[in-house]
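Here are the chains, one letter per residue:
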Amino acid sequence: MEKFFYLEGGYLILAFIIMLVTLYVTTRPFMGKGAVKRGMGSVGTVLALLIGAHYWVTTERMSEVRDAFNRGEKIICESRIIRKGAQSIILSKKLGWRLDGDYFVSDAYNRPFFTARCIVYDK
């Protein structure tokens, strides 16, 4: 459950704000009877489905990246340190990288990379 809140925390905050806006709009005098119930129910359902789908896709990609890394394949991760030019880094076991939980770490590199921000290198 901790991973869910870590991965989807920002989206949960946005969903909460969207639900507050929905509540505000559906309680205005020009809205029909039952608008609050229908509006909150439909918007809440859509948001829950979207957040759930995003979590599922992200965890599946993380699993795919982890499995590919363990097979010795190359992985591409985004580098937030370098914003100009090369914005990604290629890593593999051959280059001294290892998995530590959900993070790729290396003694030669000063920061870890989260598996959710990585993809399998196809070439």
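Further up the page is the structure itself.
So, a few notes on the structure that sits alongside this text. (Residues numbered from 1 in each chain as written. Predicted model: local features only at pLDDT ≥ 70, side-chain atom pairs only at ≥ 80, totals over all residues. Heavy atoms only, no water.)

## What to know about the overall build of the protein chain
- Helices and strands together make up the secondary structure of the protein chain, namely two helices and six strands.
- Here the C-alpha atoms of the protein chain give a radius of gyration of 20 Å, more than 25% beyond the 14 Å that 2.2 N^0.38 yields for 123 residues.
- Reported as C-alpha extents along the three principal axes, the dimensions of the protein chain are approximately 65 × 30 × 25 Å.
- Taking all 123 residues of the protein chain together, 28% fall into the buried category.
- Taking the contacts inside the protein chain whose residues are at least 6 apart along the sequence as the reference set, 54% of them involve residues at least 24 apart.
- Within the structure as shown, the protein chain displays about 8,600 Å² of accessible surface, and the carbon and sulfur contribution to it stands at 62%.
- Computed over 18 positive and 11 negative side-chain charges, the inter-centroid distance for the protein chain is 9 Å. (Helix = DSSP H or I, 4+ residues; strand = E, 2+ residues; numbered from the N terminus. Rg over C-alpha atoms; globule rule 2.2 N^0.38 Å. Buried < 20%, exposed > 50% of the residue type's maximum accessible area, 1.4 Å probe, protein only. Contact = heavy atoms within 4.5 Å. Areas by Shrake-Rupley, 256 points an atom, 1.4 Å probe, with all protein chains shown as cover. Lys, Arg positive; Asp, Glu negative; His and termini not counted. Charge placed at Lys NZ, Arg CZ, Asp CG, Glu CD.)

## A few points about helix α1 (residues 2-26)
- Residue E8 marks the point of greatest curvature in α1, where the axis turns by about 65 degrees.
- Considered for burial, the residues of α1 that qualify are F4, L7, E8, G9, A15, T22 and T26.
- Contacts from the buried residues of α1 go to α2 (35-70) and β5 (113-114). (Bend = angle between axes of the 7 residues up to and from the residue.)

## Things to note about the nonpolar core
- By size, the foremost hydrophobic cluster in this structure holds twelve residues: V65, A68, F69, I75, C77, I89, L91, W97, F104, F113, C118 and V120.
- Only α2, β1 (75-78), β2 (88-91) and β6 (118-120) provide two or more residues apiece to this core.
- The dominant element in this core, judged by the number of residues it contributes, is α2, at three residues.
- Each residue touching I75, except ones within four places of it in the same chain, is listed here: V65, A68, F69, I89, I90, L91, F104, C118, I119, V120 and Y121. (Core = buried A, V, L, I, M, F, W, Y, C linked by side-chain atoms within 4.5 Å.)

## Some details on the packing of aromatic side chains
- Going through the model one piece at a time under the given rule, you end up with seven aromatic pairs.
- Linked through ring pairs, F4, F5 and Y55 together constitute an aromatic cluster.
- The ring of Y24 carries the charged tip of R28 above its face, separated from the ring centre by 4.1 Å.
- Just above the ring of F113 sits the side chain of R111; from NZ or CZ to the centre is 4.9 Å. (Phe/Tyr/Trp six-rings, centres within 6.5 Å; stacked < 30°, edge-to-face > 60°. Lys NZ or Arg CZ within 6 Å of the ring centre and 35° of its normal.)

## Things to note about the state of the cysteines
- Inspection of the entire model under this criterion finds one disulfide.
- Covalently, C77 is tied to C118 through a disulfide, its sulfur atoms 1.9 Å apart. The disulfide joining C77 to C118 has a torsion of about 105 degrees about its S-S bond and is therefore right-handed. Here C77 is found in strand β1, whereas its partner C118 is found in strand β6, with 41 residues between them in sequence. Here C77 matches C118 in class, with each residue buried. (Disulfide = S-S within 2.5 Å.)

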